[in-house]
Amino acid sequence: MHGQVEFGKRLSAAAELVRPGAVFADIGTDHASLPIYLASLGRIKHAYACDVAEKPVAVAERNIAESGFSHLIDVRLTDGFCGLEGLGITDAALCGMGAELMAQLISAESAEFIKRDRVRLILQPMSRTAFLRSFLAENGFSAVEELIVRDMGRQYEIICAEYTGEPYELNPVEALLGRKNIARGGEELAVLCRRRRLHLQNVLGGQTEEEQKTTEGLISELEKIENEVLK
């Protein structure tokens, strides 16, 4: 009998961004936790749990079978979006990987269909979120939602993006924090500001005089936003 799966706030937040009735692809699925959770909520029409390595695929197959959702979730041994075109995918998640890898997978020839089919992307990078935001902006992917989530004492950023074909510019602070996060405010934004500010302060010593001026300006802007949020 199917039971509703409980798991962390990070993946729960990602799941909330998947549209009801979606045909869902989980890229880098690992244990297939996200598609199993979505199936338990009755949120998806079908899912593809995808991974490039054989061991995670075997674990995913076992977990899906044990969950009782084999009729809803197919497992694919594939690199990124390879072999997924023509399956009617509407929403796709890339969670728990680096921003550079995400950009590489989204830019691959095999992923061209996500632009044509306007596939919703739910992205949870483990590093270089500013790089990812800038990549999305430059390549015409609009951020329809951004979240800052705290899970097990760690802060995570989630970006939900859809292709429009219209590139746009982000200023450095928007790239670091996210426009929607800035607009929303809140305690987690203040924590993110502080994290970004401390990182920039740590790299000041190795910069040229011109770079230091730019970095100091960013630090000042982040401190201003942090103070505004905490008022």
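Everything discussed here concerns the structure shown above.
Since the structure is predicted, the reported quantities are computational estimates derived from the model, not experimental observations.

Caption draft 1: Summary view of the overall build of the chain. Each helix and strand counted, the chain has ten helices and seven strands in total. Scaling as 2.2 N^0.38, a compact globule of 231 residues should have a C-alpha radius of gyration of about 17 Å, and the chain matches this with 19 Å. Taken along the three principal axes of its C-alpha coordinates, the chain extends 60 × 35 × 30 Å. Residues counted as buried form 48% of the 231 residues belonging to the chain. Here the analysis covers contacts within the chain between residues at least 6 apart in sequence; of these, 69% occur between residues at least 24 apart.

Caption draft 2: Here's a closer look at the sheet that holds strand 5 (residues 120-125). One open sheet holds the seven strands; their spatial order is 3-2-1-4-5-7-6, and the pairing between them is mixed. Of all the strands in the sheet, just strand 3 (73-77) and strand 6 (141-151) have a single pairing partner and so form its edges. Within the sheet, the average angular offset between the axes of one strand and its neighbour, ignoring direction, is 20°. One ladder, built from ten bridges, connects strand 6 with strand 7 (residues 154-163); its direction is antiparallel. Looking at strand 7, one finds that E145 is bridged to C160.

Caption draft 3: Fine view of helix 1 (residues 9-16). Buried residues dominate helix 1, accounting for six of its eight residues. When helix 1 is considered as a whole, its buried residues turn out to be R10, L11, S12, A13, A14 and A15.

Caption draft 4: Geometry of the packing of aromatic side chains. The final tally for this structure, using the stated rule, is two aromatic pairs. Seen from the ring of Y156, R10 lies directly overhead, with NZ or CZ sitting 5.4 Å from the centre.

Caption draft 5: Up close: the environment of E187. Mapped onto the fold, E187 is located in helix 9 (residues 187-203). Taking relative accessible area as the criterion, E187 reaches 63% and is therefore assigned exposed. Along the sequence, E187 and E226 sit 39 residues apart, while their C-alpha atoms lie 8.9 Å from each other.

Caption draft 6: Highlighting the state of the cysteines. Considering all chains together, one arrives at zero disulfides under this definition. The structure places no disulfide on C82, whose sulfur is separated from the nearest cysteine sulfur, that of C50, by 10 Å. When its relative accessible area of 34% is taken as the criterion, C82 is described as partly exposed. Lacking any disulfide linkage, C95 is separated from the closest cysteine sulfur, that of C160, by 11 Å.

Caption draft 7: Local environment of the pairing of strand 3. The sheet contact formed by strand 2 (residues 44-51) and strand 3 spans five bridges and is parallel. The partner of Y48 across the bridge, within strand 3, is D74. This β-α-β element, strand 2 to helix 3 (residues 54-67) to strand 3, shows right-handed connectivity.

Caption draft 8: Highlighting helix 3. Here helix 3 is 14 residues long and its end C-alpha atoms lie 20 Å apart, about the 20 Å a rise of 1.5 Å per residue gives. Taken together, the buried positions of helix 3 are P56, V57, V59, A60, I64 and S67. An end-on view of helix 3 places all buried positions within 160° of arc, on one side of the element. Exposed residues on helix 3 whose side chains face more than 90 degrees from its buried face are E54, K55 and E66. Elements that come into contact with the buried residues of helix 3 comprise helix 2 (33-41), strand 2 and strand 3. Two residues or fewer after helix 3 comes G68, characterised by a positive phi angle close to 85°.

Caption draft 9: Summary view of the nonpolar core. Formed by 30 residues in total, the largest nonpolar core has its most connected members in F24, I73 and I122. Mapped onto this core, the elements with two or more residues apiece are helix 1, strand 1 (22-27), helix 2, strand 2, helix 3, strand 3, strand 4 (91-97) and strand 7. The dominant element in this core, judged by the number of residues it contributes, is helix 2, at five residues. Beyond its immediate sequence surroundings of up to four residues, I73 is in contact with P35, I36, A39, H46, A47, A49 and I64. Ranked by size, the runner-up nonpolar core spans 29 residues in total, among them V23, A25, M102 and F113.

The rules we used
Residues numbered from 1 in each chain as written. Predicted model: local features only at pLDDT ≥ 70, side-chain atom pairs only at ≥ 80, totals over all residues. Heavy atoms only, no water. Helix = DSSP H or I, 4+ residues; strand = E, 2+ residues; numbered from the N terminus. Rg over C-alpha atoms; globule rule 2.2 N^0.38 Å. Buried < 20%, exposed > 50% of the residue type's maximum accessible area, 1.4 Å probe, protein only. Contact = heavy atoms within 4.5 Å. Pairing = 2+ DSSP bridges. Axes fitted to C-alpha atoms, helices over the stretch in contact; angles between N-to-C directions. Phe/Tyr/Trp six-rings, centres within 6.5 Å; stacked < 30°, edge-to-face > 60°. Lys NZ or Arg CZ within 6 Å of the ring centre and 35° of its normal. Disulfide = S-S within 2.5 Å. Right-handed = clockwise from strand over helix to strand, strands pointing away. Expected span 1.5 Å × (residues − 1). Arc of directions from axis to C-beta. Core = buried A, V, L, I, M, F, W, Y, C linked by side-chain atoms within 4.5 Å.

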